[in-house]
Amino acid sequence: GHKFQPFDATERAEISGSTLAFLDELRALLLTGFGPEVEGSRAERLGQIHDPQCSQGPFPGRNAMVTALFATLAGVDHSRAVAQAMLSGDVSFSLATLTRGAIESYGRAWWLIEPEDDNQLIIRWLSGLASELTTFAKVNPDGVLTEIRRHHSDVASEMPRLLRDIERLTESRTQLK
């Protein structure tokens with residue numbers, strides 16, 4: 001059994017070290033997303049969207065940005081684990097799983113922020129939340145939600161509110177399965 005080694009230990013250490021340094025800088029930069037928005041930026045504009053009718057709180061643009069930020073930070077965490085695992089030189093399925101997790105996290109963040117239209121971004125955020133609630137209900141039908149609006153709730157009461165938000169913003173209603 002010869003083990004496939006695409007890089008020697010020195011090369012892996014260089015790649016891993018550079019990647020980890022980059023991810024440290026990126027993480028610090030991303031975490032500033034919780035501070036004041038840059039004047040004139042899209043983040044500032046989204047943070048100022050006030051929608052008192054939104055079931056998930058009156059600032060859906062800010063909530064969507066936070067969701068994109070968390071998805072990106074999850075991608076950074078997965079990427080960091082890949083870079084650290086590279087040091088061992090053990091190519092395994094866990095690296096593929098971590099890489100997939102990073103790509104999925106970055107993809108979710110991009111899917112949220114990609115539309116230039118702010119309304120479409122909020123619709124995507126609400127749709128993503130509805131999809132997550134649908135999955136949650138399948139996995140844990142009697143589960144209690146404690147994160148939404150900082151009170152106890154359940155999928156049966158939250159889903160109609162989300163669908164009304166989506167219907168109001170899109171002027172249509174599509175049943176989620």
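Here the structure is shown first, and the text comes after it.
Remember, it's a predicted structure, so these values are computed and weren't measured experimentally.

So, how was this worked out
Residues numbered from 1 in each chain as written. Predicted model: local features only at pLDDT ≥ 70, side-chain atom pairs only at ≥ 80, totals over all residues. Heavy atoms only, no water. Helix = DSSP H or I, 4+ residues; strand = E, 2+ residues; numbered from the N terminus. Expected span 1.5 Å × (residues − 1). Contact = heavy atoms within 4.5 Å. Axes fitted to C-alpha atoms, helices over the stretch in contact; angles between N-to-C directions. Parallel < 35°, antiparallel > 145°, perpendicular 65-115°, else oblique. Left-handed = near helix turned anticlockwise from the far one by under 90°. Nonpolar A, V, L, I, M, F, W, Y, C, P; charged D, E, K, R; others polar. Buried < 20%, exposed > 50% of the residue type's maximum accessible area, 1.4 Å probe, protein only. Arc of directions from axis to C-beta.

### Regarding helix α5 (residues 118-139)
Here α5 contains 22 residues, and its C-alpha end-to-end distance of 32 Å stays within 8% of the 32 Å for a straight helix at 1.5 Å per residue. Those residues of α5 hidden inside the fold are in contact with α2 (42-47), α3 (60-86), α4 (93-113) and α6 (155-170).

### Brief notes about the packing of α3 against α4
One way to put it is that α3 packs onto α4 with a least axis distance of 8 Å and a crossing angle of 160 degrees. By the angle between their axes, α3 is roughly antiparallel relative to α4. α4 is crossed by α3, and the crossing has left-handed handedness. When its residues are assigned to classes, the contact of α3 with α4 shows 15 nonpolar, 8 polar and 1 charged.

### Here's the deal with α4
Over its 21 residues, α4 extends 30 Å from the first C-alpha to the last, a length consistent with the 30 Å expected when each residue adds 1.5 Å. Residues L95, G101, A102, S105, A109 and L112 constitute the buried set of α4. The buried residues of α4 occupy an angular sector of 135 degrees when projected down its axis, which confines them to one face. More than 90 degrees from the buried face of α4, the exposed residues found are F93, T97, R100, I103 and W110. Considering only its buried residues, α4 is in contact with α3 and α5.

### Structural notes on unusual backbone geometry
For E171, which is not a glycine, the phi torsion comes out positive at approximately 60 degrees. Mapped onto the elements, E171 comes out in the segment after α6. Residue classification places E171 among the exposed positions, given a relative accessible area of 75%.

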